[in-house]
Amino acid sequence: MMYTIRSLGKWMGGIAGLLILSAPVTMAQTSNKLTDPEIASVAVTANQIDVNYGKIALKKTKNADILKFANTMIKDHNNIISQAVALATKLKVTPKTNATTQSLLDGEKTTTTMLNSKKGSAFNKAYIDNEVAYHQAVINAVKTVLIPDAQNAELKGLLQSVMPLLESHLEMAKNMAAKF
Amino acid sequence: MTMKNLKNIFRIAIMVLLASSCSTNNNSKVQPEQSKRDTVIIQAMKFQPDTIMINEGDTIVWINKGIVAHDISKYPDKTWHSDTIEPQQTFEKVFDDSTSYFCSIHPTMKGLIMINK
Ligand SMILES: [Cu+2]
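The present account deals with the structure reproduced in this document.

Parameters at a glance
Residues numbered from 1 in each chain as written. Chains lettered and ligands numbered in written order. Predicted model: local features only at pLDDT ≥ 70, side-chain atom pairs only at ≥ 80, totals over all residues. Heavy atoms only, no water. Contact = heavy atoms within 4.5 Å. Buried area = accessible area lost by both parts, 1.4 Å probe. Salt bridge = Lys/Arg side-chain N within 4 Å of Asp/Glu carboxyl O. Polar contact = N/O pair within 3.5 Å; in protein donor to acceptor, adjacent residues only side chain to side chain. Nonpolar A, V, L, I, M, F, W, Y, C, P; charged D, E, K, R; others polar. Pairing = 2+ DSSP bridges. Helix = DSSP H or I, 4+ residues; strand = E, 2+ residues; numbered from the N terminus. Axes fitted to C-alpha atoms, helices over the stretch in contact; angles between N-to-C directions. Donors = N, O, S within 2.8 Å, 3.2 Å for Na, K, Ca; no water. Buried < 20%, exposed > 50% of the residue type's maximum accessible area, 1.4 Å probe, protein only. Phe/Tyr/Trp six-rings, centres within 6.5 Å; stacked < 30°, edge-to-face > 60°. Lys NZ or Arg CZ within 6 Å of the ring centre and 35° of its normal.

1. Things to note about the interface of chain B and chain A
In step 1: On the side of chain A, 14 residues touch chain B, which itself brings 12 residues to the contact.
In step 2: Between chain B and chain A lies a buried interface of about 1,100 Å² when both sides are counted; carbon and sulfur atoms form 60% of it.
In step 3: Summed over the shared surface of chain B and chain A, the number is 1 salt bridge.
In step 4: The partner of Lys 75 of chain A in a salt bridge is Glu 86 of chain B, and the shortest N-O contact between them spans 2.8 Å.
In step 5: Linking chain B with chain A are 5 residue pairs in polar contact (both at pLDDT 80 or more), by the criterion used here.
In step 6: Considering only residue class, the side of chain B that touches chain A consists of 7 nonpolar, 4 polar and 1 charged.

2. Some remarks on the sheet that holds strand E1 (residues 37-43) of chain B
Picture the strands of a sheet paired through backbone hydrogen bonds; they go either parallel or antiparallel.
Residue and element names in this part refer to chain B.
In step 1: Taken together, the 4 strands give an open sheet; going across it, the order is E2-E1-E4-E6, and neighbouring strands pair in mixed fashion. With partners counted over all chains shown, the strands left at the sheet margins are strand E2 (46-48) and strand E6 (90-95), one partner each. Each strand of the sheet is rotated relative to its neighbour by a mean of 25°, with strand direction disregarded.
In step 2: Across 6 bridges, the pairing between strand E4 (residues 58-64) and E6 is antiparallel. Paired with Val 61 across the strands is Glu 92, a residue of E6.

3. Some remarks on the sheet that holds strand E3 (residues 51-55) of chain B
Residue and element names in this part refer to chain B.
In step 1: Strands sit in the order E3-E8-E7-E5 across an open sheet of 4 strands; the sheet is mixed. The sheet terminates laterally at E3 and strand E5 (73-74), the two strands that pair on one side only.
In step 2: Relative to strand E8 (residues 110-116), E3 is paired through 5 bridges, and the arrangement is parallel. Opposite Ile 54, over in E8, you have Ile 115 as the bridge partner.

4. Some details on the coordination of the copper ion
All names here are of chain B.
In step 1: Those protein atoms acting as donors to the copper ion are His 70 (ND1), Cys 103 (SG) and His 106 (ND1), and they sit at 2.0 to 2.2 Å.
In step 2: Linear spacing of the donor residues for the copper ion on their chain is H-x32-C-x2-H. Residue His 70 is found in the loop between E4 and E5, and its partner Cys 103 is found in the loop between strand E7 (99-102) and E8; the two are separated by 33 residues along the sequence. Each member of the pair His 70 and Cys 103 is classed as buried.

5. Some thoughts on the side chain of Ser 104 of chain B
In step 1: Tracing the backbone shows Ser 104 of chain B in the loop between E7 and E8.
In step 2: Polar contacts involving the side chain of Ser 104 of chain B include one to the side chain of Asp 71 of chain B, which spans 2.5 Å.
In step 3: Setting aside residues no more than four positions away along its own chain, Ser 104 of chain B makes contact with Lys 68 of chain A together with Asp 71, Ser 73 and Lys 78 of chain B.

6. Things to note about the pattern of salt bridges
Residues and elements named next belong to chain B.
In step 1: Considering all chains together, one arrives at 6 salt bridges over all chains under this definition.
In step 2: Between Asp 97 and Lys 117 there is a salt bridge, and its shortest N-O distance comes to 3.1 Å. Of the two residues, Asp 97 sits in the loop between E6 and E7 while Lys 117 sits in the segment after E8, which places them 20 residues apart along the sequence.
In step 3: Residue classification places Asp 97 among the partly exposed positions, given a relative accessible area of 48%.

7. Looking at the packing of aromatic side chains
In step 1: Within this structure, the stated rule accounts for 9 aromatic pairs over all chains.
In step 2: Centroid distance Phe 69 of chain A to Tyr 127 of chain A: 6.3 Å. Interplanar angle 75°. Geometry classified as edge-to-face. Here Tyr 127 of chain A lies in helix H6 (residues 120-149) and Phe 69 of chain A lies in helix H4 (residues 64-90), a separation of 58 residues in the sequence. Just as Phe 69 of chain A is buried, Tyr 127 of chain A falls in that class too.
In step 3: Arranged with centres 5.5 Å apart and planes meeting at 65°, the rings of Trp 80 of chain B and Phe 95 of chain B form a pair that is edge-to-face. With Trp 80 of chain B in the loop between E5 and E6 and Phe 95 of chain B in strand E6, this residue pair connects regions lying 15 residues apart in the sequence. Considered together, Trp 80 of chain B and Phe 95 of chain B belong to a single accessibility category, that of buried residues.
In step 4: Members of the aromatic cluster, each reached through a chain of ring pairs, are Phe 47, Trp 62, Trp 80, Phe 91, Phe 95 and Tyr 101 of chain B.
In step 5: Above the plane of the ring of Trp 80 of chain B lies Lys 93 of chain B, whose end atom (NZ or CZ) is 5.0 Å from the centre.
In step 6: Against the face of Phe 95 of chain B rests Lys 93 of chain B, its NZ or CZ located 5.6 Å from the ring centre.

Here is the structure:
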């Protein structure tokens, strides 16, 4: 699936391109980074999207393995959201919508339409393939953008602590995808 | 100091010694000989340590220090399993036989219990 970092990274490419054409290098370096309020927004949005995909699966499948996986995704990603919101509240950081958030939401719209158009085993395969691609994309974004850009140590720590969970979800999704 | 006084002091000293040796017996000497409790920490999507060697009849206590819920299930058939262990919660179980186990919520997490017999 043509997901990978493209949907997450598209905006960065766009912004970088604009800055190369029109702005001095020093400005590109400072503007390129996500601020902590933007990171909080991206983190919550990215997790909410996988919760939403899981909810589509609960509606559309009868397959026990897919149902179990979807329920785990809903529970785990909701858990991360709660912790991100709790930390943002503690740090008095208000999540700020930004180009990455918007790009994530655009991707969700396309994928939701695609998932809703499928039925039965075709849906199961589409759902689990998307879970592989989506987790891979989120892992890349957290590793290469969110963690390096995070300024607050606790926010960086939370993002780092989420990585093993995302890696485990990816492995689970890959193992399941092999069976569908 | 009279002989009687000395005897009294000696008697008290012996009583104090006896009392203190009794209490150490009760508190720390007897228990380690019987069943022991070992701890496995659940963190970063791993059981730490993932292999643990214990004596027959010892108790293992799992403490979930992670950010999501897990469970402890007999690998691979779940013939025994814990309830869902939420973050900061614990689960404990006595073991008489070696066994491997996993988290059925996240099957990538696996552990092994080895019994000294
Ligand atoms: Cu688990």
